[in-house]
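Spelled out from the first residue to the last, the chains are:
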Amino acid sequence: MSVAMKPCPWHSELEVNDLADKAAVRIRGLSKHFGTGDRRVQALEGISWDVFRGEMTLIAGPSGCGKTTLLSVIAGILNADEGLVEIFGNDVTAMNDRQRTKFRAKNIGFVFQQYNLLPALTAAENASIPLVIAGWSKDKAVSRAREVLTSVGMGAKTESMPNELSGGQQQRVAISRALVHEPSLLVCDEPTAALDAETGHTVMELLREVAVRPDRAVVIVTHDNRVFNFGDRIAYMDDGHMIKVETRNQGLLAS
Ligand SMILES: Nc1ncnc2c1ncn2[C@@H]1O[C@H](COP(=O)(O)OP(=O)(O)OP(=O)(O)O)[C@@H](O)[C@H]1O
Ligand SMILES: [Mg+2]
């Protein structure tokens, strides 16, 4: 399957030649284990890796190799045992829990396999949550959420409840929620895994179209090789290690 990438409208505005300037996430010597004694699992072992802004980076690898753990540490949901995680120059490993929670709410958007929508809220209310957390009034937040939903083709469904929506539509609400506060980093864990092939393809196309920006990095965990063509870079993990990083496209900031 080959996917034609859309021409990039921002490319010509950018003058970024130094690869170091593109670093959005910088990881050095990252390790994380779970459990103790016989039950000890080394989920991540000495990972050093960079993620670049203006790109969609995929993390691939077999079940249990540490993909979700790595994404969770990057997103500040899990603490690492050792190592450095810098997001747009901010050392999240040095932050205390309160600082990290605040940083995460402002700068990171999440998309999960199972959408995680609140069943009692409409699509627009669900998508507005990060803005409400950021202190926006409910009316303003929902109105902004409606705009984002419209931009992902959900303008006719803003007042629907999650159980009235298809899987692909629910994922579009989840993507809107992840992007509504314009985060610098978007992380997605298996966003197409609950969808059929065609809907998964549409969701990946949508993510490329609405989420990839010169000042944002998008990191997507997947073990679905049908979506590999959407990545600018693919980082392969195995047994807690990053074993290979493959460049597919040059991203928005290619010089
Ligand atoms: N909370 C936890 N407690 C104990 N072990 C855990 C925990 N979370 C993950 N692990 C273990 O850490 C390893 C990495 O798990 P992780 O969820 O990161 O894998 P994954 O690559 O995301 O797998 P999948 O593709 O199945 O989602 C696995 O061996 C898993 O059993
Ligand atoms: Mg996982």
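Everything numeric here is computed off the predicted structure, so don't read it as measured data. (Residues numbered from 1 in each chain as written. Chains lettered and ligands numbered in written order. Predicted model: local features only at pLDDT ≥ 70, side-chain atom pairs only at ≥ 80, totals over all residues. Heavy atoms only, no water.)

A.B. asks: Quick question: what am I supposed to make of the site of ligand 1 here?
C.D. replies: In the vicinity of ligand 1 lie 13 residues, with S63, G64, K67, T68 and T69 positioned nearest. Contact distances for ligand 1 include 3.2 Å between an oxygen atom and a backbone N or O atom of C65. Between ligand 1 and T68 there is a distance of 2.9 Å, counted from an oxygen atom to a side-chain nitrogen or oxygen. The residue inventory of the shell around ligand 1, partitioned by class, reads five nonpolar, six polar and two charged. (Near = heavy atom within 4 Å. Polar contact = N/O pair within 3.5 Å; in protein donor to acceptor, adjacent residues only side chain to side chain. Nonpolar A, V, L, I, M, F, W, Y, C, P; charged D, E, K, R; others polar.)

A.B. asks: What exactly am I supposed to notice about the packing of aromatic side chains here?
C.D. replies: Here the distance between the centres and the angle between the planes together describe a pair of aromatic rings. All chains considered together, the criterion is met by two aromatic pairs. Ring geometry for F110 and F112: centres 5.9 Å apart, planes at 5 degrees, overall stacked. Between the aromatic rings of F228 and Y236, the centroid separation amounts to 6.1 Å while the plane-to-plane angle is 80 degrees, which identifies the pairing as edge-to-face. Exposure class is identical for F228 and Y236. Each is buried. Directly above the ring of W136 sits K140, whose terminal nitrogen or CZ lies 5.0 Å from the centroid. Taking the ring centre of Y236 as reference, the NZ or CZ of K244 above it sits at 4.6 Å. (Phe/Tyr/Trp six-rings, centres within 6.5 Å; stacked < 30°, edge-to-face > 60°. Buried < 20%, exposed > 50% of the residue type's maximum accessible area, 1.4 Å probe, protein only. Lys NZ or Arg CZ within 6 Å of the ring centre and 35° of its normal.)

A.B. asks: Help me understand the sheet that holds strand β4 (residues 82-87) in this model?
C.D. replies: Strand pairing in a sheet relies on backbone hydrogen bonds. The paired strands run either parallel or antiparallel. If you walk across this open sheet you meet the four strands as β2-β1-β4-β5, and the pairing is antiparallel. Looking along the sheet, the strands with just one partner apiece sit at the ends: β2 (41-52) and β5 (90-91). Alignment of β4 against β5, held across two bridges, turns out to be antiparallel. Bridge pairing links I87 to N90 in β5. (Pairing = 2+ DSSP bridges. Helix = DSSP H or I, 4+ residues; strand = E, 2+ residues; numbered from the N terminus.)

A.B. asks: How should unusual backbone geometry be read in this particular structure?
C.D. replies: Negative phi values dominate among residues other than glycine, just as trans dominates among peptide bonds. Positive phi is not limited to glycine here, since N116 has a value of about 55 degrees. Here N116 is to be found in the loop between β6 (108-112) and α3 (123-133). On the basis of relative accessibility, which here comes to 42%, the residue N116 falls in the partly exposed class. We note that E182 has phi near 50 degrees; this positive angle belongs to a residue other than glycine.

A.B. asks: Even after reading the chapter, I still don't get the pattern of salt bridges, so can you show me in this structure?
C.D. replies: A pair can form between side chains of opposite charge whenever their charged atoms are brought close. Applying the stated rule across the entire model yields twelve salt bridges. Salt-bridge contacts for K138 lead to E125; the nearest nitrogen and oxygen are separated by 3.0 Å. Within this pair, whereas K138 is found in helix α4 (residues 138-151), its partner E125 is found in helix α3, the two being separated by 13 residues in sequence. Using a relative accessible area of 49% as the deciding quantity, one classes K138 as partly exposed. Between R144 and E147 there is a salt bridge, with the nearest N and O atoms lying 2.9 Å from each other. Linking R144 with E147, this pair stays in helix α4, spanning three residues, or about one helical turn. According to the relative accessible area criterion, R144 is partly exposed, its value standing at 24%. Under the relative-accessibility criterion, E147 is labelled partly exposed at 47%. Among the charged side chains, a network of salt bridges with common partners joins R144, E147 and E182. (Salt bridge = Lys/Arg side-chain N within 4 Å of Asp/Glu carboxyl O.)

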